Amino acid sequence: MKLKYSFQASSPTFNLPLPSMNNFQKYSRLMTLVAAAFFGFIIFVALLIFVLRLFSITMFNIPGFDLFFQYVIIIIPYILFFGAYYYLYKKKKLSKTRPPRIIGGFLIILGCVICLFTLGLSTALFLHVKSHLLNVFEENSQFALIIQVVIILITAGVIASGDVKEKDWMERNA
């Protein structure tokens, strides 16, 4: 049984015969595609690592780049936290009731202040400033990051609690 596929291009009609395929051909073609995608992904990751390694070797020969790279690694979590606070700030405006907006705003401001403070302490540690406060912060810096995550989650929960309960899928269709 041959299937035909018809389509119209401007005026004439073209009939292209499609080869009939049994289940073995379908599954073998599918498995070939899956295997090719898997190996292609592995090759892509290997090439990416190779290119990044060449890039890093080249860049570390530039004087001062290793210090810049270390500082970028230090500030990446704070950039992510500021991005999360900005997203929550935008979502806070969409909240329907007033109390979650007020509490969410307070938590966002608190989180941003803590984020700025810990970024300042991390920068001072990077610049090798000697202080007892910095020694305590260096030993417990992971707790500052955990506090940031907790504040973000609590803020998201507070903002979400101000929205109207979403209808269940069965109620929507009824």
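Reading the values: the criteria
For every chain, the first residue of the written sequence is number 1, and numbering continues from 1 onward in sequence order. Under the rules for a predicted model, residues below a pLDDT of 70 receive no local features and side-chain atom pairs below 80 are neither given nor counted, while totals for whole chains, interfaces and linings still include all residues. Hydrogen atoms and water are omitted, and side-chain values are computed over all heavy atoms in the structure. Note on scores: pLDDT gives the predictor's confidence for each residue, bounded by 0 and 100. Numbering of helices and strands starts at the N terminus; helices are DSSP runs of H or I of at least 4 residues and strands are runs of E of at least 2. To obtain each axis, a line is fitted to C-alpha atoms, and for helices this fit is confined to the stretch in contact; angles are then taken between N-to-C directions over 0 to 180 degrees. Oblique is the label for any angle not under 35 degrees, not over 145, and not in the 65 to 115 range, which are roughly parallel, roughly antiparallel and roughly perpendicular in turn. The sense of a crossing depends on the near helix, which, turned anticlockwise from the far helix by less than a right angle, makes the crossing left-handed and, turned clockwise, makes it right-handed. Only heavy atoms enter the contact rule, under which two residues are in contact if any of them lie within 4.5 Å. Note on residue classes: Ala, Val, Leu, Ile, Met, Phe, Trp, Tyr, Cys and Pro are nonpolar, Asp, Glu, Lys and Arg are charged, and everything else, Gly too, is polar. Only protein atoms enter the calculation, which uses a 1 Å grid: trapped sets of points that fit a 1.4 Å probe without letting it out are cavities, open sets showing protein on both sides within 12 Å along at least five of seven lines are pockets, and any residue with an atom within 4 Å of a point is a lining residue. Grid points are joined across faces, edges and corners, and a volume is the space filled by probe spheres set on the points. Only residues whose relative accessible area exceeds 30% and that form no salt bridge enter a patch; like-charged residues are grouped when within 9 Å of one another, and nonpolar side chains (Val, Leu, Ile, Met, Phe, Trp, Tyr) when within 5 Å. Reported accessibility uses the Shrake-Rupley method at a 1.4 Å probe radius. Residues are deemed covered only where the shown protein chains occlude them. Salt bridges are defined by distance alone: a side-chain nitrogen of Lys or Arg within 4 Å of a carboxyl oxygen of Asp or Glu. Buried, partly exposed and exposed residues are distinguished by accessible area as a fraction of the type maximum, computed with a 1.4 Å probe on protein chains only: under 20%, between the cut-offs, and over 50%, respectively.

A.B. asks: Where do I start with the confidence of the model for the chain in this structure?
C.D. replies: Low pLDDT marks regions whose predicted coordinates should not be analysed in detail. Scored by pLDDT, the chain has a mean of 85; 87% of the residues are at 70 or more. Confidence, read as mean pLDDT per element, is least for strand β1 (residues 3-8) in the chain (54) and greatest for helix α3 (residues 98-126) (93).

A.B. asks: Is there a simple way to think about the packing of α3 against helix α5 (residues 141-161) in this case?
C.D. replies: Describing two packed helices takes the angle between their axes plus the distance from one axis to the other. Relative orientation of the contacting elements α3 and α5 amounts to 165°, with a least axis distance of 9 Å. One element, α3, and the other, α5, form an angle in the roughly antiparallel class. Note that α3 runs across α5; the crossing there is left-handed. Residues P100, I103, G104, L107, I108, L110, G111, I114, C115 and T118 of α3 form the contact with α5, whose own contacting residues are A144, I147, Q148, I151, I154, T155, V158, I159 and S161. Residues of the contact of α3 with α5, tallied by class, amount to 13 nonpolar, 6 polar and no charged.

A.B. asks: Mind showing me how you'd approach the packing of helix α2 (residues 65-92) against α3 here?
C.D. replies: Two numbers describe how α2 lies on α3: the axes approach to 10 Å, and their chain directions differ by 175°. If you check the angle between α2 and α3, you find them roughly antiparallel.

A.B. asks: Looking at this structure, I do not really get the layout of surface pockets. What am I missing?
C.D. replies: If you roll a probe as big as a water molecule over the atoms, it shows you where there is empty space left. Of the volumes computed, that of the largest pocket is approximately 250 Å³. Around the largest pocket, the lining is made up of 15 residues, and of these I74, S122, L125, F126 and F137 lie nearest the centre. Every element with two or more residues in the lining of the largest pocket is listed here: α2, α3, α4 (132-139) and α5. Sort the elements by how many residues they give to the lining of the largest pocket and α2 lands first, with 6 residues. Its residues assigned to classes, the lining of the largest pocket shows 9 nonpolar, 5 polar and 1 charged.

A.B. asks: Mind showing me how you'd approach a nonpolar patch on the surface here?
C.D. replies: A surface patch of nonpolar side chains, about 960 Å² in accessible area, is lined by F38, F39, F41, I42, I43, F44, L47, L48 and L52. Position of I42 relative to the elements: it lies in helix α1 (residues 23-59). Overall, the relative accessible area of 42% leaves I42 in the partly exposed class.

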